Amino acid sequence: MTLIAVGRYQRRTGRNIINPDKPVHMANVLLPEAPPSKGKRVADRVYLFFGWFLVLGVVINLINGIRAARS
């Protein structure tokens, strides 16, 4: 669930989960943050993919456990 939350947060805001409020300074001027790079977007999708993959595995194991307990 954490991977899904991280992926969704980064995809929605474009900010890093570890340091989301990090301002960008250049010559004592605060610059707006640039849109997320292609690498960040790919990382966000990887987080989401692995998060949902793990959730799917948990759901399948839970269903199999319930079926085994019934019989």
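Notes on the structure in this doc start here. (Residues numbered from 1 in each chain as written. Predicted model: local features only at pLDDT ≥ 70, side-chain atom pairs only at ≥ 80, totals over all residues. Heavy atoms only, no water.)

Focus on the packing of aromatic side chains
Overall, the coordinates contain 2 aromatic pairs when judged by the stated rule. Ring geometry for Phe-49 against Phe-50: centres 5.4 Å apart, planes inclined by 65°, an arrangement best described as edge-to-face. A relative accessible area of 53% places Phe-49 in the exposed class. Seen in terms of ring centroids, Phe-49 and Phe-53 are 6.3 Å apart; in terms of plane orientation they differ by 20°. Their pairing is stacked. Of this pair, Phe-49 and Phe-53 both sit in helix 2 (residues 38-70), 4 residues apart, roughly one helical turn. An aromatic cluster is defined as three or more aromatic residues linked by ring pairs; in this entry it consists of Phe-49, Phe-50 and Phe-53. (Phe/Tyr/Trp six-rings, centres within 6.5 Å; stacked < 30°, edge-to-face > 60°. Buried < 20%, exposed > 50% of the residue type's maximum accessible area, 1.4 Å probe, protein only. Helix = DSSP H or I, 4+ residues; strand = E, 2+ residues; numbered from the N terminus.)

Description of the side chain of Asp-44
Its place among the elements puts Asp-44 in helix 2. Residue Asp-44 is classed as buried on the basis of its relative accessible area of 2%. Residues within four places of Asp-44 in sequence aside, it is in contact with Gly-7, Gln-10 and Arg-11. (Contact = heavy atoms within 4.5 Å.)

A look at helix 2
With 33 residues, helix 2 should reach 48 Å at 1.5 Å per residue; the first-to-last C-alpha distance of 48 Å fits that figure. By the burial criterion, the buried members of helix 2 are Asp-44, Leu-48, Gly-51 and Val-55. (Expected span 1.5 Å × (residues − 1).)

Some words on a positive patch on the surface
Where like charges cluster on the molecular surface, the positive patch consists of Arg-11, Lys-38, Arg-41 and Arg-45. By residue number, the principal contributor to the positive patch is helix 2, which donates 3 residues. Mapped onto the secondary structure, Arg-11 falls in helix 1 (residues 2-13). (Patch = residues over 30% accessible without salt bridge, like charges linked within 9 Å, V, L, I, M, F, W, Y side chains within 5 Å. Areas by Shrake-Rupley, 256 points an atom, 1.4 Å probe, with all protein chains shown as cover. Salt bridge = Lys/Arg side-chain N within 4 Å of Asp/Glu carboxyl O. Lys, Arg positive; Asp, Glu negative; His and termini not counted. Charge placed at Lys NZ, Arg CZ, Asp CG, Glu CD.)

Things to note about a nonpolar patch on the surface
Together, Leu-3, Val-42, Val-46, Tyr-47, Phe-49, Phe-50, Phe-53 and Leu-54 give the surface a local cluster of nonpolar side chains, amounting to about 740 Å² of exposed area. Among the elements that take part in the nonpolar patch, helix 2 stands out by supplying 7 residues, more than any other.

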